Amino acid sequence: MVQRIRKNARSSDDGNRSPLQAVAGALGLEGERMSKVDTAWLRMDSATNLMVIVGVWILRPGITREALAQRVQERLLGYRRFRQCARQDATGAHWSDDPDFALDRHVVTHRLPRRRGQSPRAALQARAGALAMVPLDPAHPLWQFELVEDYEGGSALIARIHHCIADGIALISVMMSLVDGGNEPPQRTARAKRQGLDAAETWVADTLIRPFGDIAARALDAAGGGAARSLSMLASPQQGLGDSLGQAMEVARMGGQLASDLAALALMPDDAPTSLKGAPRGEKRVAWCEPIPLADVKAIGKGLNCSVNDVLLSCVAGAIGTYLSRRGEDPAGLEIRAMVPVNLRPLEEAWKLGNRFGLIPLVLPVGIANPIERVYAVRARMNALKGSLQPLLTFGLLSVAGLLIKPAQDAMLGLFGRKTTAVMTNVPGPAEKMRFCGATLEQTMFWVPQTGTVGLGVSILSYGGGVQFGVIADSALCPDPQQIIDAFEPEFSRLLAVTLMLPWGEGV
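Figured I'd write up the structure that's included with this text. (Residues numbered from 1 in each chain as written. Predicted model: local features only at pLDDT ≥ 70, side-chain atom pairs only at ≥ 80, totals over all residues. Heavy atoms only, no water.)

1. Some remarks on the overall build of the protein chain
Tallying secondary structure elements over the protein chain gives 16 helices and 16 strands in all. Taking all 508 residues of the protein chain together, the buried fraction comes to 52%. Sequence-distant contacts, at least 24 apart, represent 78% of the contacts inside the protein chain between residues at least 6 apart. Working note: accessible area of the protein chain is about 22,700 Å², and carbon and sulfur atoms make up 56% of it. (Helix = DSSP H or I, 4+ residues; strand = E, 2+ residues; numbered from the N terminus. Buried < 20%, exposed > 50% of the residue type's maximum accessible area, 1.4 Å probe, protein only. Contact = heavy atoms within 4.5 Å. Areas by Shrake-Rupley, 256 points an atom, 1.4 Å probe, with all protein chains shown as cover.)

Written as structure tokens, this is what we have:
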């Protein structure tokens, strides 16, 4: 019966569209559908927070706009998404090729103005902060590269890419394909365009089935395969009773973990009131530090039996505590919450773009003054989050949000704004410095956007043997993020000094 309907729907005497195709077209079902998670990010822009990932590259010697444009043409545009527009429609959003695509619109130059006494880095930071709140043109692909051709004996590149295109892990894969010797963009086989009932069926599958199928698959994988084995064993009557009961207990354990993590998210209290929380103004400030040696970070981790991540997050917590103290706030015993992205995709699939990550709420002990005590507090909190299904749950919430109308989506995701102070990312980059258009990529930083009323973003990126710490903040909540940056290196030095004085080999 369905096949007959399809056949009738596709047949028309003079090429006119069938009623089913007309309905599908009116609903916007004929385009390349955007996933519901990506749709949620597309619609999350607000007057005070744009969902744009901002990155900065420092290159020496300098490069020209022509060289940059040629590299973009050869490599970046090999990813079709960067030639497509994001269009909202009655059922969410879809991707469509830009009929008026012009590279000059997306690769531009800028002469960096400097005030009297302002350093080149301060001027570049001001420019990056200003661009963080300049909307990308929705009539064209949502990205732009701005090249400062003359910057401290080289060039600086400010990249802006809307979060609906991809998450940080995917974009790092893309950006690494741009460097000299980088991999060519993967060649994907285009799916045949579907219309009418076929398009509707695809939309239902993409909207209601695949996202949650992905979540289930990742949940089973997160459980170490035990739950997957449970389902297999329970479905096989020839298995022994003892084995089946053991696998059933694994299923029950995972169900209990899911219920516990769901309750923890739902009952999470509002975050501590500090000057870093409040109503953002929509004006961004950006700051970053010089790289610190990754070898020193690893030495601290080895001495304290902690991970590199524990060490860096502890220093971030200490820097924020110092900042609050200098503003006249007493941080003693204070904790603030940061949402940390967790990758949910195999790294070999990063080139597929889109967003495949969840979020976990990490409590930062900013009120612990002792650097050793603080790093162990961070380690304990990170260990408590291992095995959590909260990243999968938040991915599911984003999928649901993409199904809702925008006011309902805003109300749903606004809960995170009240419960968190910051968004924090920690990404490992290449161990060796890369080259781009013949120049050395000396430094690289990026910031993911903050959602709702969250006004603070923290980024940690290891690259070329060093670690860089960066902050992006709303000026109403943190007028000078450089003060947080300036407190980071002393916190790290304190931790390093104390660690070197410990009796190594006796266990800590």
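The structure having been displayed, the exposition proceeds.
2. Quick word on the packing of aromatic side chains
A ring pair, where both rings are aromatic, is described by two values, the distance of the centres and the angle of the planes. Enumeration according to the criterion identifies seven aromatic pairs in this entry. Between the aromatic rings of tyrosine 79 and phenylalanine 82, the centroid separation amounts to 6.4 Å while the plane-to-plane angle is 75°, which identifies the pairing as edge-to-face. Take phenylalanine 82: its relative accessible area is 0%, and that puts it in the buried class. Taking 5.9 Å as the distance between ring centres and 75° as the angle between the ring planes, the aromatic pair formed by phenylalanine 82 and tryptophan 143 counts as edge-to-face. (Phe/Tyr/Trp six-rings, centres within 6.5 Å; stacked < 30°, edge-to-face > 60°.)

3. What about empty space enclosed by the protein?
One simple way to see leftover space: roll a probe sized like a water molecule over the atoms. For the structure on display, the rule yields two cavities of 30 Å³ or more. In this structure, the largest cavity encloses a volume near 310 Å³. Lining the largest cavity we find 22 residues, and of these Trp57, Ile172, Met175, Thr444 and Phe446 sit closest to its centre. Secondary structure elements with two or more residues in the lining of the largest cavity: β2 (52-60), β7 (154-162), α7 (168-178), β14 (439-447) and β15 (456-463). Here the second largest cavity defines a volume of roughly 70 Å³. Forming the boundary of the second largest cavity are Asn49, Leu50, Val52, Val54, Ala132, Met133, Lys284, Trp447, Val448, Pro449, Gln450 and Ile472. For the lining of the second largest cavity, the class distribution of residues is nine nonpolar, two polar and one charged. (1 Å grid on protein atoms, 1.4 Å probe; cavity = no way out; pocket = protein on both sides within 12 Å on 5 of 7 lines; lining within 4 Å. Points joined across faces, edges and corners; volume = space filled by probe spheres on them. Nonpolar A, V, L, I, M, F, W, Y, C, P; charged D, E, K, R; others polar.)

4. Focus: the packing of helix α11 (residues 294-304) against helix α16 (residues 482-501)
Two elements in contact, α11 and α16, have axes separated by 10 Å at closest approach and are oriented at 45°. Taken together, the axis directions place α11 and α16 in an arrangement best described as oblique. Once α11 is placed against α16, the crossing between them reads as left-handed. For the pair α11 and α16, contact is made by Asp296, Val297, Ile300, Gly303 and Leu304 and by Phe492, Leu495, Leu496 and Thr499, respectively. When its residues are assigned to classes, the contact of α11 with α16 shows six nonpolar, two polar and one charged. (Axes fitted to C-alpha atoms, helices over the stretch in contact; angles between N-to-C directions. Parallel < 35°, antiparallel > 145°, perpendicular 65-115°, else oblique. Left-handed = near helix turned anticlockwise from the far one by under 90°.)

5. Some details on the sheet that holds strand β4 (residues 92-97)
Judged by pairing direction, the sheet is antiparallel, and its three strands sit side by side in the order β1-β4-β3 without closing on themselves. Looking at strand neighbours, the two that pair on one side only are β1 (32-33) and β3 (84-89), the edges of this open sheet. Across six bridges, the pairing between β3 and β4 is antiparallel. Among the inter-strand pairings, cysteine 85 is bridged to a residue of β4, identified as serine 96. (Pairing = 2+ DSSP bridges.)

6. Description of the environment of arginine 65
Considering the arrangement of structural elements, one finds arginine 65 in helix α4 (residues 65-74). Overall, arginine 65 belongs to the buried group, its relative accessible area being 18%. Of note is the side chain of arginine 65, whose polar atom sits 2.8 Å from the side chain of aspartate 104. (Polar contact = N/O pair within 3.5 Å; in protein donor to acceptor, adjacent residues only side chain to side chain.)

7. With respect to the pattern of salt bridges
Summed over the entire model, instances satisfying the criterion amount to 15 salt bridges. Note that arginine 285 is salt-bridged to glutamate 283, the shortest N-O span being 2.6 Å. By relative accessible area, arginine 285 is classed as partly exposed at 33%. Arginine 381 is the partner of glutamate 335 in a salt bridge, and the nearest nitrogen-oxygen pair spans 2.2 Å. (Salt bridge = Lys/Arg side-chain N within 4 Å of Asp/Glu carboxyl O.)

8. Considerations on the side chain of glutamine 118
Within the secondary structure, glutamine 118 sits in the loop between β5 (107-109) and α6 (120-131). With residues up to four places along the chain from it excluded, the contact list for glutamine 118 reads Pro113, Ala123 and Ala126.

9. Quick word on unusual backbone geometry
Generally, phi is negative for residues other than glycine and the peptide bonds are trans, each holding for most cases. Cis peptide bonds are those with omega within 30 degrees of zero, and the linkage from arginine 60 to proline 61 qualifies with -5°. Despite not being glycine, asparagine 305 shows a phi value in the positive range, around 55°. On the secondary structure map, asparagine 305 appears in the loop between α11 and α12 (308-326).

10. Some thoughts on the sheet that holds β2
With mixed pairing, the six strands of this open sheet are ordered in space as β5-β6-β7-β2-β14-β13. Two strands in the sheet have a free side with no partner beyond their single neighbour: β5 and β13 (435-436). As defined by bridge partners, β5 adjoins strand β6 (residues 143-151) across three bridges and the pair is classed as parallel. Bridge pairing in β6 places threonine 109 opposite leucine 147. Of the strands in this sheet, β2, β6, β7, β13 and β14 are in contact with α7, which crosses β2 at around 30°.

11. Some words on the nonpolar core
Soluble globular proteins tend to pack their nonpolar side chains together in the buried interior. Residues Leu68, Val72, Phe82, Leu124, Trp143, Phe145 and Ile165 are the most contacted members of the largest nonpolar core, which totals 84 residues. Element by element, the count of residues in this core is highest for β2, at seven residues. Look past the residues within four positions of tryptophan 143 in its chain and what remains in contact with it is Val72, Leu76, Leu77, Phe82, Phe101, Leu103, His106, Val107, Leu136, Arg160 and Ile161. Of all hydrophobic cores here, the second largest spans 51 residues; its members include Leu364, Ala422, Met424 and Ala473. (Core = buried A, V, L, I, M, F, W, Y, C linked by side-chain atoms within 4.5 Å.)

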